[in-house]
Amino acid sequence: MVESIARVRHIRVTPQKARRVIALIKGKQAEEALAILKFAPQSASEPIFKLVESAMANAQVKADKDGEYLNSQDLFVKNAYVDEGTTLKRFQPRAQGRAFQIKKRTSHITVVLSTPEVAETAVADNKKASN
């Protein structure tokens, strides 16, 4: 019934490191994903934890607006992905007047939460469209 999206842009975590953390929570129940992220040792887990919490709050607001009942236990991570953001280029001095480039990468992280009914109807709609 309910689908919510939360995004964070230009976060100072490399996309490669963020993708490792996102892979841990894909397809999991939202509450379980929060528990995994809370105890994950990676530095990218804290902003992703906040992002999943935000997506849960977005789902609650959307359900309240539509007049629907939403239990947070019903939400699961339908999709989560990391895109590459802008790269900050910095220079560090090296020997004999040379400069060494340092690339500080940023990420755009998106988390989509859904209730099972939305996922099932989407699959049914795709089957009807393909036939």
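Residues numbered from 1 in each chain as written. Predicted model: local features only at pLDDT ≥ 70, side-chain atom pairs only at ≥ 80, totals over all residues. Heavy atoms only, no water.

Undergrad: Tell me about the nonpolar core, and name the residues and values.
TA: If you look at the biggest cluster of nonpolar residues, it comprises 28 residues, and the most contacted ones within it are Ile48, Val52, Ile109 and Leu113. Of all the elements in the fold, those that place two or more residues in this core are strand E1 (3-11), helix H1 (15-25), helix H2 (30-39), helix H3 (45-66), strand E2 (76-93) and strand E3 (99-114). The greatest single-element share of this core, amounting to seven residues, is contributed by H3. Not counting residues up to four positions away in its chain, the partners in contact with Leu113 are Val2, Glu3, Ser4, Ala30, Val52, Ala55, Met56, Leu75, Phe76, Val77 and Lys78. (Core = buried A, V, L, I, M, F, W, Y, C linked by side-chain atoms within 4.5 Å. Buried < 20%, exposed > 50% of the residue type's maximum accessible area, 1.4 Å probe, protein only. Helix = DSSP H or I, 4+ residues; strand = E, 2+ residues; numbered from the N terminus. Contact = heavy atoms within 4.5 Å.)

Undergrad: Please give an account of the packing of aromatic side chains that cites residues and values.
TA: Tallying each qualifying case throughout the model produces zero aromatic pairs. We note Arg94 situated over the ring of Phe100; from NZ or CZ to the ring centre the distance is 5.3 Å. (Phe/Tyr/Trp six-rings, centres within 6.5 Å; stacked < 30°, edge-to-face > 60°. Lys NZ or Arg CZ within 6 Å of the ring centre and 35° of its normal.)

Undergrad: I'd like a rundown of the environment of Arg90, residues and numbers included.
TA: Along the chain, Arg90 falls in strand E2. Here Arg90 is in contact with Phe100, Gln101, Ile102 and Lys104, once residues within four sequence places are set aside.

Undergrad: Quick rundown of unusual backbone geometry? Include the residues and the values.
TA: For His10, which is not glycine, the phi dihedral falls at a positive 60°. Along the chain, His10 turns up in strand E1. Unlike most non-glycine residues, Gln96 shows phi in positive territory, near 60°. Mapped onto the fold, Gln96 is located in the loop between E2 and E3. For Gln96, a relative accessible area of 72% corresponds to the exposed category.

Undergrad: An account of the packing of H2 against H3 is needed here, citing residue identities and associated values.
TA: Helix-helix packing: each pair is described by the crossing angle between the helix axes and the interaxial distance. Direction vectors running N to C along H2 and H3 enclose 160°, while the axes themselves pass 9 Å from each other. With respect to each other, H2 and H3 are oriented roughly antiparallel. Taken as a pair, H2 and H3 cross one another with a handedness that is left-handed. Together, Ala30, Glu31, Leu34, Leu37 and Lys38 of H2 and Ser45, Ile48, Phe49, Val52, Glu53 and Met56 of H3 make up the contact between the two elements. (Axes fitted to C-alpha atoms, helices over the stretch in contact; angles between N-to-C directions. Parallel < 35°, antiparallel > 145°, perpendicular 65-115°, else oblique. Left-handed = near helix turned anticlockwise from the far one by under 90°.)

Undergrad: Break down the sheet that holds E3 for me, with residues and values.
TA: The strands making up a sheet associate through backbone hydrogen bonding, with each pair oriented either parallel or antiparallel. An order of E1-E3-E2 is seen for the three strands of this open sheet, with the pairing classed as antiparallel. With one partner strand each, in any of the chains shown, E1 and E2 form the two edges of the open sheet. Neighbour-to-neighbour, the strand axes of this sheet turn through a mean angle of 10°, independent of strand direction. With 15 bridges joining them, E2 and E3 adopt antiparallel strand pairing. Bridge pairing links Val82 to Ile109 in E3. Strands E2 and E3 of the sheet are contacted by H1, whose axis makes an angle of about 165° with E2. (Pairing = 2+ DSSP bridges.)

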